[in-house]
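# Overview (structure and organization)
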Number of protein chains: 4
Amino acid sequence: MASLSNDSNENSHFRLAGLDGTASRSIVDVHGVMFGGSELAIAGGPCGVESKEQVFAVARYIAEAGVRLFRAGAYKPRTSPYSFQGLGPEGLALLRAVKKEFDLGIVTEATDLESFADVERVADLIQIGARNMQNFALLRRAGNSDKPIMLKRGQGATLEEWLSAAEYILSEGNSRLILCERGIRTWSNHARYTFDVSVIPAVKAISHLPIIADPSHATGRSDLVIPCALAGVAAGADGILVETHCQPASALSDGQQALLPNDFATLVTRAYKIKDGLQSAKANS
Amino acid sequence: MASLSNDSNENSHFRLAGLDGTASRSIVDVHGVMFGGSELAIAGGPCGVESKEQVFAVARYIAEAGVRLFRAGAYKPRTSPYSFQGLGPEGLALLRAVKKEFDLGIVTEATDLESFADVERVADLIQIGARNMQNFALLRRAGNSDKPIMLKRGQGATLEEWLSAAEYILSEGNSRLILCERGIRTWSNHARYTFDVSVIPAVKAISHLPIIADPSHATGRSDLVIPCALAGVAAGADGILVETHCQPASALSDGQQALLPNDFATLVTRAYKIKDGLQSAKANS
Amino acid sequence: MASLSNDSNENSHFRLAGLDGTASRSIVDVHGVMFGGSELAIAGGPCGVESKEQVFAVARYIAEAGVRLFRAGAYKPRTSPYSFQGLGPEGLALLRAVKKEFDLGIVTEATDLESFADVERVADLIQIGARNMQNFALLRRAGNSDKPIMLKRGQGATLEEWLSAAEYILSEGNSRLILCERGIRTWSNHARYTFDVSVIPAVKAISHLPIIADPSHATGRSDLVIPCALAGVAAGADGILVETHCQPASALSDGQQALLPNDFATLVTRAYKIKDGLQSAKANS
Amino acid sequence: MASLSNDSNENSHFRLAGLDGTASRSIVDVHGVMFGGSELAIAGGPCGVESKEQVFAVARYIAEAGVRLFRAGAYKPRTSPYSFQGLGPEGLALLRAVKKEFDLGIVTEATDLESFADVERVADLIQIGARNMQNFALLRRAGNSDKPIMLKRGQGATLEEWLSAAEYILSEGNSRLILCERGIRTWSNHARYTFDVSVIPAVKAISHLPIIADPSHATGRSDLVIPCALAGVAAGADGILVETHCQPASALSDGQQALLPNDFATLVTRAYKIKDGLQSAKANS
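Our subject in this report is the structure included herewith. (Residues numbered from 1 in each chain as written. Chains lettered and ligands numbered in written order. Predicted model: local features only at pLDDT ≥ 70, side-chain atom pairs only at ≥ 80, totals over all residues. Heavy atoms only, no water.)

### Some remarks on the overall build of chain A
- Within chain A one finds nine helices and ten strands.
- Considering only C-alpha atoms, chain A reaches an extent of 50 × 50 × 40 Å along its principal axes.
- When the 285 residues of chain A are sorted by exposure, 68% land in the buried category.
- For chain A, long-range pairs separated by at least 24 residues make up 70% of all intrachain contacts whose partners lie at least 6 apart in sequence.
- Positive and negative side-chain charges of chain A, numbering 28 and 31 respectively, have mean locations separated by a distance of 2 Å. (Helix = DSSP H or I, 4+ residues; strand = E, 2+ residues; numbered from the N terminus. Buried < 20%, exposed > 50% of the residue type's maximum accessible area, 1.4 Å probe, protein only. Contact = heavy atoms within 4.5 Å. Lys, Arg positive; Asp, Glu negative; His and termini not counted. Charge placed at Lys NZ, Arg CZ, Asp CG, Glu CD.)

Next comes the structure, spelled out in structure tokens:
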């Protein structure tokens, strides 16, 4: 396989992320939800925490749909310094309230070293975002955390670079790591990014790490989210991370990619159906 | 949505391919197999016709797997003039023999005007390959054929360019047209191409044409073919086009992406399972 | 170097295009203008032939700027069948008139087999466009022409695929071949295409063929044309192909990338200045 | 112009980087070398600091070639945690010695917050690398520095994202900012990255910031460095950043893209020649 690595004279083996280094596939437990086994893990929620009303409303219908993980950002990395950057500590407090009220596990992003410890106290699964996939100081900090980490693929990162970034976390001692494909930047312009679905089995071919799909960021179009989420599940993803919002049109960020409540419930039903179909087909073959 | 069209001052509406121009979605009948309705259409076979032994062996296990369309190239467009270019007329004769012996519909490529009529006499579905997606003289010829056409997406073509190419065929009067996503060229290097799965629902959002997926060319790796084929089905593809070969290692072209017989049968079973799961989920919602 | 070739089991050597196959670099004479030696070849003109007034006006100021090759399309390959497709035979007649009136060599595109002979009778240099880079029947026809050929790089073609396409022409016996870089499709969105300037020295590292740059199609923005044309010359291009128009805003195609007459003259002056600087620097080193 | 921004509902104006916000183009003085005016700024040196012998040897011939800025990394961001990460503080001490011995300005990278202050004490120009282009905490720290900053373009970043990252630095109060194009990731595989030369005039069309080119990282091939450096200058770059090494084959990182001493001197001569040619052409027009 061709290598486009930026560091061509490096040792490119994946000492800890590779399949060789482990007897079996990893399973990561997040608030009782298993990533990497025979179940399908689903996390849903709005892009960013905006208000108590917003997060409680979303948390309620997510829980009713049978989903046990709530995702929302209190800290939002934004392209422009003039954009809404998240509610910060206030957002974390709201996430803590969601967890208490609905018994949902919290998935939220740590964007820098300064706020990492605060995020760590609230999160059940800490997200390292695509922009920070090669923020090595942040990766090392995540590697020293006692919380599970979800490492998103950089929008311009090869599989090799992604697994090498995973090595930064693993080599610091944190083995509870989940990968997340969230679309790559290409010239194909019908969607915001190109959902690189084949990377899911390609990861599984060389790594023991669980991998999930984020069809919301990958497509940026709510009408493509359900088909791409199901595609991810059919390709072998261990879970999906989906944006949903009661009033997408008024969201402070990324509203155009959020599913409405009913569509979210539809997705959950279909995703389990696909997963069950795959499991039964495998059992019979 | 951003437009990267090369012809920015053109009228970019899709007069005949667009959803507006028709009352309902098109269904194309190829040898009794329906593309575009509630069924899943599957075509399998080797990359190229090599010998009677080869095509008969593959045709036999394809038919046994319940598949009714045989795909193989008698004319092979190749990057280099020094590569195997296909058996030509002899290959067409072998395809005719396959059809007679196994009652399989024939899917095969027409690469130029000169051999088009010969291909037309044998094929039940004529493929226009990715390299020829903007070979406008060939598209016009296809538009004047009385056989159904499968138009593959160019490796560097946007959705807009692809549907515009479809307009060349449709505007000549041939409405039996099927689109085929076969991977696009990106920098992501774990697979030969990037299987752009989100284009499937994106096509369905604006066009009535059936669309299928070719996971073999899209990935170039046999271990990624099944997951990506299932991903395509889960995303809403009307069918799949898959390479399979008894002895992939000795294939004259593209052996590394061909499924072995048992894997092909596994794929067929799982693909129908996914399709059924989707259909029943839709029926219930 | 990594290979992303679609035909991975092919022999990828460039028997005729490669540096090994020749004692020295090729020089192609087009109407007395040398492509491939120490001179800089320049061709200018509008995207398409529109009227006698248009082509005569442009030809006049091009000739006054000291340029001896006129480029314009009589046949225009267009993304949509509903776009202006060129004047055809009438356009060729106007090009013949330009040649007679101004003694300019004619550079124009052959888009298909049907009109090839007509184009051949008028053109001093026949262009094979980017969309047709892998239209192998057309390449073979060009290889049998007695006129020089300019082969544009496909928007999604690697260097390997481009030189392999050149082999189709060369292997038919036509050795008067010039390559033209015209931009590749990437996600970088400040210009229509990404002008891949490094391919110029990369071609020269492995091939004896002359190579020129088309900054007009590469950028699609008239304000980027002069800088990119000069970049191409500085990188070692043997010539440049530039769109210019008296009234870009009213052009029937690609007006937004055409230089105004004064800007065209400025470009010519600066391009020769860069070329001279390079030549004198090489002479002194 | 199409926007592929990840934050589509943001205000995308460039308040401080934009041309509107300033009366004239910025000129940044680094150790007496001007970036942004009529001169051409050149910085050369090895990829990483390896030893006193190495940096002194390179510094000597760089100074002899008339270059006044030395670039080398003491901290090296690397794809893999198991690769050579730079000499760190010891490397900074060697850079300080180079500065004292040869009176060369020092250009070196700050990779994280922890070591920023140490880098700041030695550097005359602090580089923010491509991987950190959207490390917003690091950008804010750079914005609070009293040293000039060079912001490299991310390998997958659009012009809009790049200038938005510049806003993070500028909005903190540091206006001495230089942009550096270092190649983008595309599928074009004859070079490590695609040198996006047209971004140079595209930046100048909307921003007052100086912009330079790094042809070494952009191509990854020493034989393409000189042509691409000259292309950058011809396209209007305010300077070039070039890797050079006495013994490229034994470099600990990126040796395959470093120029030998003689080639570096040749590049300097030709680059000034191109710049002079451009300046005189502009003076005459």
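This is not the end of the story, as more comes after the structure.
### So, the interface of chain A and chain B
- At the interface, 47 residues of chain A touch 47 residues of chain B.
- A combined buried area of about 3600 Å² lies between chain A and chain B, and 67% of that area is made up of carbon and sulfur atoms.
- For chain A, the biggest contributors to the area lost against chain B are W187, N189 and H190 of chain A; these three give 20% of the whole.
- Here chain A and chain B share zero salt bridges between them.
- Counting the contacts that link chain A with chain B gives twelve residue pairs in polar contact (both at pLDDT 80 or more).
- It is helix α9 (residues 261-284) of chain A that provides the largest number of residues to the side of chain A that touches chain B, a total of nine residues.
- Its residues assigned to classes, the side of chain A that touches chain B comprises 24 nonpolar, 15 polar and eight charged. (Buried area = accessible area lost by both parts, 1.4 Å probe. Salt bridge = Lys/Arg side-chain N within 4 Å of Asp/Glu carboxyl O. Polar contact = N/O pair within 3.5 Å; in protein donor to acceptor, adjacent residues only side chain to side chain. Nonpolar A, V, L, I, M, F, W, Y, C, P; charged D, E, K, R; others polar.)

### So, the sheet that holds strand β4 (residues 69-71) of chain D
Residues and elements named next belong to chain D.
- Pairing within the closed barrel is parallel, and its eight strands lie in the order β3-β4-β5-β6-β7-β8-β9-β10. This sheet shows a mean twist of 25 degrees between the axes of neighbouring strands, independent of strand direction.
- Judged from the three bridges that link them, strand β6 (residues 125-128) and strand β7 (residues 149-152) form a sheet pairing that is parallel. Among the inter-strand pairings, Q127 is bridged to a residue of β7, identified as M150. (Pairing = 2+ DSSP bridges. Axes fitted to C-alpha atoms, helices over the stretch in contact; angles between N-to-C directions.)

### Quick look at the sheet that holds strand β6 (residues 125-128) of chain A
Residue and element names in this part refer to chain A.
- Taken in spatial order, the eight strands close into a barrel running β3-β4-β5-β6-β7-β8-β9-β10, and their pairing is parallel. Across the sheet, the mean angle from the axis of one strand to that of its neighbour is 25 degrees, orientation sign disregarded.
- Pairing geometry for strand β3 (residues 41-45) and strand β4 (residues 69-71), over two bridges, is parallel. Along β4, the bridge assignment pairs A43 with L69.
- In the packing of helix α1 (residues 52-64) onto the sheet, contacts are made with β3 and β4, and the angle to β4 comes to roughly 145 degrees.
- Its contacts with the sheet place helix α3 (residues 113-122) against β5 (105-109) and β6, and it is angled at close to 140 degrees to β6.

### Description of the packing of helix α8 (residues 222-234) of chain D against helix α9 (residues 261-284) of chain D
Residue and element names in this part refer to chain D.
- Between α8 and α9, the shortest axis-to-axis distance is 9 Å and the interhelical angle comes to 20 degrees. By the angle between their directions, the pair α8 and α9 is classed as roughly parallel. The handedness of the crossing between α8 and α9 is right-handed. Contacts from I226, A229, L230, V233 and A234 of α8 reach α9 at D263, L267, R270, A271, I274, K275 and L278.
- Partitioned by chemical class, the residues of the contact of α8 with α9 number nine nonpolar, no polar and three charged. (Parallel < 35°, antiparallel > 145°, perpendicular 65-115°, else oblique. Left-handed = near helix turned anticlockwise from the far one by under 90°.)

### Some remarks on the relation of the copies chain D and chain A
- Once chain D is rotated about the relating axis by 180 degrees and shifted along it by 0.0 Å, it coincides with chain A to within an RMSD of 0.0 Å. What the rotation and shift describe, once combined, is the action of a two-fold rotation axis. It is G156 of chain D whose C-alpha, among those of chain D, lies nearest the rotation axis, at 2.5 Å.
- Of the interface residues in chain D, 100% have counterparts in chain A that sit at the interface too, so the contact is made through matching surfaces. (Least-squares fit on C-alpha atoms with pLDDT ≥ 70 in both.)

### Observations regarding the interface of chain D and chain A
- Between chain D and chain A, the contact holds 46 residues from the first and 46 residues from the second.
- In this assembly, chain D packs against chain A so that about 4000 Å² is buried in total across both faces, 40% of it on carbon and sulfur atoms.
- The interface formed by chain D and chain A contains two salt bridges.
- A salt bridge links E161 of chain A to R185 of chain D; the nearest nitrogen and oxygen atoms lie 2.6 Å apart.
- Put simply, chain D and chain A have 17 residue pairs in polar contact (both at pLDDT 80 or more) between them.
- Looking at the side of chain D that touches chain A, the elements that each hand over two or more residues are α4 (136-143) and α5 (159-170) of chain D.
- Broken down by element, the residue count for the side of chain D that touches chain A peaks at five residues, all from α5 of chain D.
- In terms of residue class, the side of chain D that touches chain A is built from 14 nonpolar, 19 polar and 13 charged.

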